[in-house]
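Survey of secondary and tertiary structure
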Amino acid sequence: MQRLSLCVVICFFMLSGCSSNSMNKNPIFQESNKIMELVDDSQWETADKAAQVIQKMYKKNKWKYQLLGDESEYNGLQQEISKLKISINEKDKPEAKRSIVIIQEHIQAIYQH
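These numbers were taken from a predicted model, which means no experiment stands behind them.

Notes on the nonpolar core
Side chains of a nonpolar character, in soluble globular proteins, are inclined to be buried together. Ile-28, Ile-35, Tyr-65, Leu-77, Leu-84 and Ile-88 are the most contacted members of the largest nonpolar core, which has 24 residues in total. Among the elements of the structure, α3 (27-40), α4 (44-68), α5 (71-89) and α6 (93-111) are those that each provide at least two residues to this core. Residue contributions to this core peak at eight residues, all from α4. Look past the residues within four positions of Ile-88 in its chain and what remains in contact with it is Ile-35, Trp-44, Ala-47, Asp-48, Ala-51 and Ala-96.

What to know about unusual backbone geometry
Although it is not a glycine, Ser-42 sits at a positive phi angle of roughly 55 degrees. Tracing the chain through its elements places Ser-42 in the loop between α3 and α4. Non-glycine residue Lys-91 carries a positive phi angle of around 55 degrees. On the secondary structure map, Lys-91 appears in the loop between α5 and α6.

Looking at the packing of aromatic side chains
Aromatic ring pairs are defined here through the distance separating the ring centres and the angle between the ring planes. What the rule picks out here adds up to two aromatic pairs. With a centroid separation of 5.8 Å and an interplanar angle of 15 degrees, the aromatic rings of Tyr-58 and Tyr-65 are classed as stacked. Residue Tyr-65 is classed as buried on the basis of its relative accessible area, which comes to 2%. Between Tyr-65 and Tyr-111, the aromatic rings sit 6.4 Å apart at their centres with planes inclined by 80 degrees, giving edge-to-face as the arrangement. One end of the pair, Tyr-65, is in helix α4; the other, Tyr-111, is in helix α6, with 46 residues separating them in the sequence. By the ring-pair criterion, three or more aromatic residues cluster together here, those being Tyr-58, Tyr-65 and Tyr-111.

Points about the pattern of salt bridges
Enumeration according to the criterion identifies four salt bridges in this entry. The closest approach of N and O atoms between Glu-31 and Lys-34, which form a salt bridge, is 3.5 Å. Here the residue Glu-31 and the residue Lys-34 both occupy positions in helix α3, the gap between them amounting to three residues, near one helical turn. By relative accessible area, Glu-31 is classed as buried at 12%.

The rules behind each value
Residues numbered from 1 in each chain as written. Predicted model: local features only at pLDDT ≥ 70, side-chain atom pairs only at ≥ 80, totals over all residues. Heavy atoms only, no water. Core = buried A, V, L, I, M, F, W, Y, C linked by side-chain atoms within 4.5 Å. Buried < 20%, exposed > 50% of the residue type's maximum accessible area, 1.4 Å probe, protein only. Helix = DSSP H or I, 4+ residues; strand = E, 2+ residues; numbered from the N terminus. Contact = heavy atoms within 4.5 Å. Phe/Tyr/Trp six-rings, centres within 6.5 Å; stacked < 30°, edge-to-face > 60°. Salt bridge = Lys/Arg side-chain N within 4 Å of Asp/Glu carboxyl O.

Okay, structure coming up:
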């Protein structure tokens, strides 16, 4: 009986962890939304600082992404973060927005496995 209860609890937490609401609570996802607004407003210096924050978050949590996703997803996330930083430094609004969207897609893919 205890095993069944434990299995139910574990399944509940696994399923609730994959909801779209939890995606909006993900720090990188939240920070990328913030960067999107900054890029829209052409606040390049602030966007650059926020991109550095995302890069630090990625480095800190890389082990989690390696456990949750596959290699192409977490490596793709790292590459897009680098591309985002470059596009912000070049003040390339369309490229920065594209990178932000791809970063968000990688995060969703990692957490929805």
